[in-house]
Structure formats: structure tokens, C-alpha cells
Amino acid sequence: MHLDLATLLWVMTVVTTVMGLSVLLAHPRVRGGEGLGAWGLSLLVNALSYPAFALRCAGSLDAAIFATNVLACATVARQTLAALQFRSSGRAIARPWLLVAPVLCAGVVALAGVEAHRARNALVARILLVQAGWLLSVVLRPARALWHERGRLLLGMGSVLLALLLAARAQRIVFGEGWHEAQAIPPAIQATTYLVTLAVLLLNTTGYLLMHMERAIEQQRDAATRDALTGALLRRPLMEAFGQGLALAQRERQPYAVLMLDLDHFKRVNDAHGHQAGDAVLRQFAQRVAQRLRKPDMLGRYGGEEFLVLLPGTGQEGARIGAEDIRRAIEQQPCTFGRVAIPVTVSAGVRAHDPQAPPASGADAPATATAPSQGVHPVLPEAMIADADRALYAAK
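Residues numbered from 1 in each chain as written. Predicted model: local features only at pLDDT ≥ 70, side-chain atom pairs only at ≥ 80, totals over all residues. Heavy atoms only, no water.

(A) Representation of the nonpolar core within the structure. Leu-259 and Leu-261 are the most contacted members of the largest nonpolar core, which totals 29 residues. Residues contacting Leu-259, with those up to four places away along its chain left out, are Phe-307, Leu-308, Val-309, Leu-311, Ala-319, Ala-323, Ile-326, Gly-349 and Val-350. Counting 28 residues, the second largest nonpolar core, distinct from the first, contains Leu-5, Trp-39, Val-139 and Tyr-208. (Core = buried A, V, L, I, M, F, W, Y, C linked by side-chain atoms within 4.5 Å. Buried < 20%, exposed > 50% of the residue type's maximum accessible area, 1.4 Å probe, protein only. Contact = heavy atoms within 4.5 Å.)

This is how it looks when you write it as C-alpha cells:
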């Protein structure tokens, strides 16, 4: 099959221009769309590289060589910048000058190797290969499983395809037969490169936009399930998780515990320092509690300054120890609001359901209390919360 290079250049110019303008048009309408502007500009920069290649036909070979090499590296650099901005959620990028370095190197190589077509193309392909590897590392760096994020998977596939293309191109240029130093790169290699590049741009752009869509869906889900101030689960999703987790624990005859936490004399904090200080205390309190929980544990805001902690796989003694650890951690380090230190304490009520444990009587600890662990009969979440609430009252 013969690929007409001129037609391919026209097609790629139109396609990348339309994609770039579409992304830029969508950018102001996407909340939290960090990086979309950089990605849209990368597509427009890429679109300029194809008319730049056509300068060869006008007899401006040196200008065409310089422009195409610089624009190609600038495209990957801006896509890497967009990926970094997406990952950092608008925070400043560390050492942004590193993104400019490959573009400058490509410009120097293009100027120095105007007559040495083979060496120049091989070096620029290797610079682009390093950039593609960097883009791939940025895409794969987040800790979440790749297969859970389809956008990141597509962008990763596009980056791998780009790296394979550049590696094959460099190999073909260095070791290919029938190459003469005075010739420009053969049209067949150039056409194949552009065709695969179009596939890479479509994969990468689709993946990048999908990443933003997945983030928006996750943010909407968080807004519907989490308290905006503290980040803890709201009461309704908390109770749903409690019911499901407790039912599973009873079917599998596993222990399950709940902690009821309440900040002591919280009204005094609002009266003495204002409601903004009270919000800061609640936020810091929730963060410190969350830091002391295991991965399967859940923290929810039950109401006001009351929080509920769900502890699957935990018996009464383990829950009591955990509650005491939280109590001491809050007591030992005051919360802060500006330069003001606000000491706070917390009381805790503990209730555990353990099918393997014999019935136990309540026991008091400093500012913590436990309700009996009833392990024989089925128990409902509301009953456990009521017992934990009574234990909390006893602790206070």
C-alpha cells in the first residue's frame, strides 16, 4: 500500500488543529481542568509541524528541518507539562526548565546537523524517545492501579506506542540499507512515522480527556458521600457501609467494632475563638483520627462534633486500645488556628460485636468507655450505635 505523504500532511494538519481548538474551547468549562490548556496548545504546536515539513517543497530545507524538529519536541514537552499539571492539581511544577531542555537540544542538533541527515535524524529520534519515556513515567507514577483508570491506560498505551515508533525509527535510520548521507529521510519512513503519530495523538488525547472525566466523576462522588469540611463520610453513606460491613461480619462470624467520638466542650471553642476556628479544629481532628486508622476502617461525621469510626475485624479490646490511642493523640497535640493553639480533648464510646468472644461487662478508661460485646445474637447497626452512645455518655 502506497501512502501519499502530501495528503497525509494535509489530513494531520486538519485533524490536530480541530482537536487542539476543541480542547482549548472545552478548557474554561471544565472545573479543575488543570493541564487542558497545555494539552490543547500541544496539539496546535503539532499541527504547525506539518506545514513546516512542507517548506521542503518551497526550497527552504534548512528552515523545514529546524522547525519540524523543534515543533515535534515541543509537542511532547507540552503534553508532559499537561500530564504534570493534571497530577499536581494546579500546584507549581518542580524544575519546569527540564521540559525546555529537550526542545533546545533538538534545535541545536537541527542547526548543527543540517547536512548530516542521517546523524541528525537519529539524534532527534533519541531525544524524542527520552521525552516519550518521561511522559510514560508521569502517566504511570500515580499509585492507583492502572486498569482502574481507563484514561490513564489509553494515555499509557499511546506513550508506549510513541516510544516504540521512535525506537524503530532510530534503528531504521542507523542500520537501514540504501541510505546515502546526502539524502533526506526516505518518504516511506516519513509517511509511516506520521501515520503512527496520528494514532498516538488520537490515543493520547482521548486518554487525557478521559482522565479529566474520570476525575470529575470521582469528585462528584466524593461531594455526594463526604463531608466538605472534614473529608469524613457523610451520615447516609456511613450507615450504608456500616450495615453492609456488619452483615458480612455476622455471616462470616468475624468481629466488628464501632467507636463514637465526641469533642469535649466544643461550644467553648466556637464561643472563645469563633466558628472559623471551630471549623479548623474539626478539620484537624478528623485528619488526625484518619491517620490512625487502618485501610479498611472508615471515619464518618455522625453529626456536629460527633464522629463514628467503623472497625471491621476488630474485637472489643482492640477497639478500646484504638479509642484510647486516638484520645491521647488529640489530647497531647493542640489544634491550631493561625498562631493560636487550641487544646481539645475527645471522649469515646466503644461497642464491639464478636461472635467468638464470651459476653463481657463494661469497663471504663479515662475519657473512654466500652459497652458489652454481645457475640451470640444478631445485632443491628442502630443497636451498636446506641450502645456506643451510652458508653460515650459514661466516658464523659
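(B) A look at helix α1 (residues 5-26). Taking 1.5 Å of rise per residue, 22 residues should cover 32 Å, and α1 covers 31 Å from first to last C-alpha, within 8% of that figure. Taken together, the buried residues of α1 touch α2 (36-53) and α7 (187-225). (Helix = DSSP H or I, 4+ residues; strand = E, 2+ residues; numbered from the N terminus. Expected span 1.5 Å × (residues − 1).)

(C) Spotlight on the packing of aromatic side chains. Tallied over the entire structure, the rule returns six aromatic pairs. With centroids separated by 5.2 Å and ring planes inclined at 80°, the aromatic side chains of Tyr-50 and Tyr-194 adopt a geometry described as edge-to-face. With Tyr-50 in helix α2 and Tyr-194 in helix α7, this pair connects stretches of sequence that are 144 residues apart. Like Tyr-50, the residue Tyr-194 is buried in the burial classification. Taken together, a centroid distance of 5.7 Å and an interplanar angle of 15° make the contact between Phe-242 and Tyr-256 stacked. Placement of Phe-242 in helix α8 (residues 235-251) and of Tyr-256 in strand β1 (residues 256-263) is noted, with a sequence separation of 14 residues between them. Like Tyr-256, Phe-242 is buried. In textbook terms, an aromatic cluster arises when at least three aromatic residues are bridged by ring pairs, as seen for Trp-39, Phe-86 and Tyr-208. The positively charged end of Arg-215 is found above the aromatic ring belonging to Phe-86, 3.8 Å away from the centroid. (Phe/Tyr/Trp six-rings, centres within 6.5 Å; stacked < 30°, edge-to-face > 60°. Lys NZ or Arg CZ within 6 Å of the ring centre and 35° of its normal.)

(D) Focus on the packing of helix α6 (residues 150-175) against α7. Contact pair α6 / α7: the axes reach a minimum separation of 7 Å and the direction vectors enclose 160°. Here α6 lies roughly antiparallel to α7, going by the angle between them. Taken as a pair, α6 and α7 cross one another with a handedness that is left-handed. Its residues placed into classes, the contact of α6 with α7 shows 14 nonpolar, nine polar and five charged. (Axes fitted to C-alpha atoms, helices over the stretch in contact; angles between N-to-C directions. Parallel < 35°, antiparallel > 145°, perpendicular 65-115°, else oblique. Left-handed = near helix turned anticlockwise from the far one by under 90°. Nonpolar A, V, L, I, M, F, W, Y, C, P; charged D, E, K, R; others polar.)

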